Amino acid sequence: MSDDASGRYRVGETALLAVVKEAEPVVEPWRRRFDPAALAGVPAHVTVLVPFLDADRVDAGVIDELRGLFGGHGSFAVRFDRCRRFPGVLYLAPTPDQAFRALTEAVVARWPEVPPYGGQFAEIVPHLTVAHGLQAQALDEAEAALTAQLPITAHVASVGLFVSDGDRWHRRAEFALLGG
């Protein structure tokens, strides 16, 4: 989500996020310490797509399309019962994760010009980031503390559209998962 090592965000960048409010009490202390996105106003979430279209391209027509696209997917229950890692990143793995994959795949099918994470990674791996950019010892500490508080169960009923002003992220719209 940041455009360089400074941790600053690109003005007008957008993200589609499935907010996981049930995880916030457990992950918030770690995210505030070790995830700059938390300090920039991003709640605990599983990313559906980042970056999405630039904010100046997100007009009423795009909002309506997103509402219809997400409205065609049903809400779902998810459980976070284990920590996992990418290099330098600690995250909670959702089980099952297929509903998150399906949301991402649906958005990318409609807007293929915006691949997940700008096309950096070949595989979609749904995850809730807790910490990144740390040495293994710090990740080990966070993982031990978090594991003792798992599992977290959640109900995902919507996807939010967030927009960056360069320093903070703001929720611009919310799209219900209605099933259908």
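Structure shown above.
Here the structure is a predicted model, which is why all the values come from computation and not from measurement.

Details of the sheet that holds strand E1 (residues 14–19)
Point 1. Read across the open sheet, the 4 strands follow the order E2-E1-E7-E8; overall the sheet is antiparallel. Where the open sheet ends on each side, the last strands, each with one partner, are strand E2 (45–49) and strand E8 (169–176). Each neighbouring strand pair of the sheet contributes to a mean axis angle of 35 degrees, computed without reference to strand direction.
Point 2. Pairing between E1 and strand E7 (residues 158–164): 4 bridges, direction antiparallel. In the sheet register, leucine 17 faces E7, and the bridge partner there is glycine 160.

Quick look at the pattern of salt bridges
Point 1. In total, this model carries 14 salt bridges according to the counting rule given.
Point 2. The salt bridge partner of glutamate 65 is arginine 110, with a shortest N-O separation of 2.5 Å. Placement of the pair is glutamate 65 in helix H3 (residues 60–71) and arginine 110 in helix H4 (residues 98–110), with a sequence separation of 45 residues.
Point 3. Overall, arginine 110 belongs to the partly exposed group, its relative accessible area being 36%.
Point 4. Aspartate 97 is the salt-bridge partner of arginine 101, the closest N and O atoms lying 3.0 Å from each other.
Point 5. Since its relative accessible area comes to 18%, arginine 101 is described here as buried.

Quick word on unusual backbone geometry
Point 1. Each neighbour pair has its own omega, and for threonine 95 with proline 96 the value is -10 degrees, a cis peptide bond.
Point 2. Looking at the element boundaries, proline 96 is found in the loop between strand E4 (89–95) and H4.
Point 3. The peptide bond linking leucine 150 to proline 151 adopts the cis configuration, its omega dihedral lying at 10 degrees.
Point 4. Relative to the assigned elements, proline 151 resides in the loop between helix H5 (136–147) and strand E6 (152–156).

Comments concerning the environment of histidine 170
Point 1. Summarising the element assignment, histidine 170 is placed in strand E8.
Point 2. A relative accessible area of 40% places histidine 170 in the partly exposed class.
Point 3. For the pair formed by histidine 170 and phenylalanine 34, sequence separation is 136 residues and the distance between their alpha carbons is 20 Å.
Point 4. Of note is the side chain of histidine 170, whose polar atom sits 2.9 Å from the side chain of aspartate 165.

So, the pairing of strand E3 (residues 76–86)
Point 1. Relative to E6, E3 runs antiparallel, the two being bridged by 5 bridges. The residue of E6 that forms the bridge with phenylalanine 80 is isoleucine 152.
Point 2. Here 7 bridges tie E3 to E4, and the two strands are oriented antiparallel to one another. Bridging from a neighbouring strand, arginine 82 pairs with alanine 93 of E4.
Point 3. Counting the residues between successive antiparallel strands, the hairpin from E3 to E4 contains 2 residues, one of them, glycine 88, with a positive phi of roughly 75 degrees.

Some points on the packing of helix H1 (residues 24–34) against H5
Two packed helices can be described by the angle between their axes and the distance between those axes.
Point 1. Across the interface, H1 lies against H5 with an axial gap of 10 Å and an inter-helix angle of 165 degrees. What the angle tells us is that H1 and H5 run roughly antiparallel. Considering only the axes of H1 and H5, their crossing is right-handed. Contact with H1, carried on its side by Val26, Val27, Trp30 and Arg33, involves Glu141, Ala142, Ala145 and Leu146 of H5 and no other residues of that element.

Here is what the cut-offs are and how they apply
- Every chain is numbered on its own, with residues counted from 1 as its sequence reads.
- Totals for whole chains, interfaces and linings use every residue, but because this is a predicted model, local features are given only for residues with pLDDT of at least 70 and side-chain atom pairs only at 80 or more, for both listing and counting.
- To get the side-chain values, all heavy atoms of the structure are used, and hydrogens and water are removed first.
- Paired strands are those between which DSSP finds at least two bridges.
- By definition, any uninterrupted DSSP run of H or I lasting at least four residues is a helix, any uninterrupted run of E lasting at least two residues is a strand, and each is numbered from the N terminus.
- Angles here are taken between N-to-C directions and fall from 0 to 180 degrees, while the axes themselves are lines fitted to C-alpha atoms, restricted in helices to the stretch in contact.
- Basic side-chain nitrogens of Lys or Arg form a salt bridge, by our definition, when they fall within 4 Å of a carboxyl oxygen of Asp or Glu.
- Exposure is judged per residue with a 1.4 Å probe applied to protein chains only, and the accessible area is read against the type maximum: over 50% gives exposed, under 20% gives buried, and values in between give partly exposed.
- Polar contacts here mean pairs of N or O atoms no more than 3.5 Å apart (in protein, one a potential hydrogen donor and the other a potential acceptor; neighbouring residues in sequence count only if both atoms are side-chain atoms).
- Should an angle lie under 35 degrees it is considered roughly parallel, over 145 roughly antiparallel, and from 65 to 115 roughly perpendicular; all remaining angles are considered oblique.
- Two helices crossing with the near one rotated counterclockwise from the far one by less than a right angle form a left-handed crossing, whereas a clockwise rotation gives a right-handed crossing.
- Contacts are assigned to residue pairs with any non-hydrogen atoms lying within 4.5 Å of each other.

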